[in-house]
Amino acid sequence: MSEIKRIMINQLQQKFSSNDSIYFVEARPGFPVIKISNKWATASISLYGGQLLSFQPHSQEQPVIWLSDKVIFKKDKAIRGGIPLCWPWFGSNEQFEDQPAHGYARISLWELINISTLANGEIKLELHMPCQQYCQEYQNINPSFHVDLSISYIIGQELAIDLRTHNTGDTPVILSNALHSYFNVSHIEDVSVLGLDGATFIDKLLSAKKQIQNGSLQIKKETDRIYLDSNNDIILNDSGYKRQINVSKKGADSTVVWNPWQQKSHSMDDMSDNGWKSMICIESANVDINKLKLNPGQNHRLHTTISVKKLVE
Ligand code: BG6
């Protein structure tokens, strides 16, 4: 993979200077971050990984999205928290073992293409992943892989994300994707996840044993599950923060739920010892039997909207 090119913050600032709801900082040299603050919310987006790092509507006292307080910005390492983008595979690559876990998107430096203010004051940001640069190594071993990836974020009272994959080659491609969303919760044991009832899931911690979800999901131990054919809206009830996070999705037929719990998070260099208590990953995805097949010229959109309201108990 080619070296991460240092993008000068002042170049970005100059190019997008007309929008006074945004400014640029560097998480560390070579890792530009867009900071957004408009009448609805604050948010930040890292060009490394093309991923959202934070989102907090002004109506909320607590951030909606979790970012590790030990987050590490380092080339070839995924950012722990926010919404990393898993693409074009999920987990390890089944064919080529030495390829990076969860694919290239989350460890590539994305380009900021456009920023616009919508009629109601929401800000829309459009980013593009230069696949010809970052997928080169993968293309050498998989020459038919010619795929374009872009994403847009709309920052308003709600957060809207649109991940677009386009097969630009002349052969069909099979791929997976996921918005690996880390949600900020009051305490992992005080939340329940609705919208999965009756869905078949693969328990990755029980040798991929398939089971059926009965009712809502409470997390009481390490959890790593892929819910298949699961395209209902997901509701995350948080009794501690007295709020409900709603994840509505289109073009995502799987839902992944992950919490590393105590032991695993202690072994991670980018998560504090208590980090696992305040996060849950609920990922809108297309994985396993829900992998995507894109014919030449075909587009796929994975769209989610994340909104928050008061929990009525
Ligand atoms: C989840 C996977 O999506 O991501 C887990 O289901 C994995 O198996 C987790 O452990 C975190 O992955 P990573 O590569 O960001 O540490």
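Before any of the text, the structure's been laid out above.
What you see as residue numbers is a count from 1 along each chain, following the sequence as written. Residue-level local features of this predicted model are given only where pLDDT is at least 70; pairs of side-chain atoms are given and counted only at 80 or more, and the full residue set underlies all totals for whole chains, interfaces and linings. Only hydrogens and water are removed before side-chain values are computed, so all heavy atoms of the structure are retained for them.

### Notes on the nonpolar core
For soluble globular proteins, the rule of thumb is that nonpolar side chains tend to be buried together.
Line of reasoning, step 1. Each nonpolar core is a collection of buried residues, namely Ala, Val, Leu, Ile, Met, Phe, Trp, Tyr and Cys, held together in the definition by side-chain atoms within 4.5 Å. Exposed residues in this analysis have more than 50% of their type's maximum accessible area, buried residues have under 20%, and partly exposed residues fall in between, with area computed by a 1.4 Å probe over protein chains only. Ranked by internal contacts, the top residues of the largest apolar core, which has 86 residues, are Trp87, Met129, Tyr153, Ile155, Phe183 and Ile280.
Line of reasoning, step 2. A run of DSSP states H or I qualifies as a helix once it reaches four residues; a run of E qualifies as a strand once it reaches two. Both are numbered from the N-terminal end. When residues in this core are grouped by element, the largest group, 5 residues, is from strand E8 (residues 147-155).
Line of reasoning, step 3. Here, residues are in contact when the closest pair of their heavy atoms is within 4.5 Å. If near-sequence neighbours (up to four positions away) are discounted, Tyr153 is found in contact with Ile45, Gly50, Gln51, Leu52, Leu85, Ile123, Lys124, Leu125, Leu127, Leu159, Ala160 and Ile161.
Line of reasoning, step 4. Judged by nonpolar contacts, the second largest core, of 9 residues, contains Phe90, Ala178, Ile202 and Val287.

### Some points on the pattern of salt bridges
Line of reasoning, step 1. By convention in these notes, a salt bridge is any Lys or Arg side-chain nitrogen within 4 Å of a carboxyl oxygen on Asp or Glu. Counting across every chain of the model gives 8 salt bridges.
Line of reasoning, step 2. Across the pair Lys75 and Asp76 runs a salt bridge whose closest N-O atoms are separated by 3.4 Å.
Line of reasoning, step 3. Judged by its relative accessible area of 26%, Lys75 falls in the partly exposed class.
Line of reasoning, step 4. Between Arg301 and Asp162 there is a salt bridge; the shortest N-O distance is 2.7 Å. Taken together, the positions of Arg301 in strand E23 (residues 299-310) and Asp162 in strand E9 (residues 159-167) put the pair 139 residues apart, joining distant regions of the chain.
Line of reasoning, step 5. Classification of Arg301 as partly exposed rests on a relative accessible area of 49%.
Line of reasoning, step 6. Each member of the salt-bridge network shares a partner with another, and the members are Lys77, Arg80, Asp269 and Asp270.

### What to know about unusual backbone geometry
Line of reasoning, step 1. In this structure, Pro88 follows Trp87 across a cis peptide bond, with omega equal to 0°.
Line of reasoning, step 2. Topologically, Pro88 is positioned in the loop between strand E5 (85-86) and strand E6 (111-117).
Line of reasoning, step 3. The phi angle at Asp229 is positive, at roughly 45°, despite the residue not being glycine.
Line of reasoning, step 4. Locating Asp229 in the fold gives a position in the loop between strand E17 (223-227) and strand E18 (234-238).

### Thoughts on the site of the ligand
Line of reasoning, step 1. In the vicinity of the ligand, the residues found are Arg80, Phe90, His102, Arg106, His180, Lys204, Asp224, Val256, Trp258 and Glu283.
Line of reasoning, step 2. Identification of polar contacts relies on pairs of N or O atoms within 3.5 Å, with a donor-acceptor requirement for protein atoms, meaning one able to donate a hydrogen and the other able to accept it, and with residues adjacent in sequence counted only if both atoms are side-chain atoms. His102 has a polar side-chain atom sitting 3.3 Å from an oxygen atom of the ligand.
Line of reasoning, step 3. Asp224 has a polar side-chain atom sitting 2.5 Å from an oxygen atom of the ligand.
Line of reasoning, step 4. Taken by itself the ligand offers 390 Å² of open surface, and the protein chains cover 80% of this.
Line of reasoning, step 5. The residue inventory of the shell around the ligand, partitioned by class, reads 3 nonpolar, 2 polar and 5 charged. Throughout this document, a residue counts as near a molecule or strand when at least one of its heavy atoms sits within 4 Å of that molecule or strand. Areas reported as accessible are Shrake-Rupley estimates using a 1.4 Å probe. Residue values count occlusion only from the protein chains shown. Any residue outside Ala, Val, Leu, Ile, Met, Phe, Trp, Tyr, Cys, Pro, Asp, Glu, Lys and Arg is labelled polar, Gly included; the first ten of those are nonpolar and the last four are charged.

### Details of the environment of Leu236
Line of reasoning, step 1. Topologically, Leu236 is positioned in strand E18.
Line of reasoning, step 2. Along the backbone, Leu236 and Trp40 are 196 residues apart, and their C-alpha atoms lie at a distance of 21 Å.
Line of reasoning, step 3. Not counting the four nearest positions on each side in its chain, Leu236 is found in contact with Phe183, Val185, Val191, Ser192, Val193, Arg243, Gln244, Ile245, Ile280 and Ile282.

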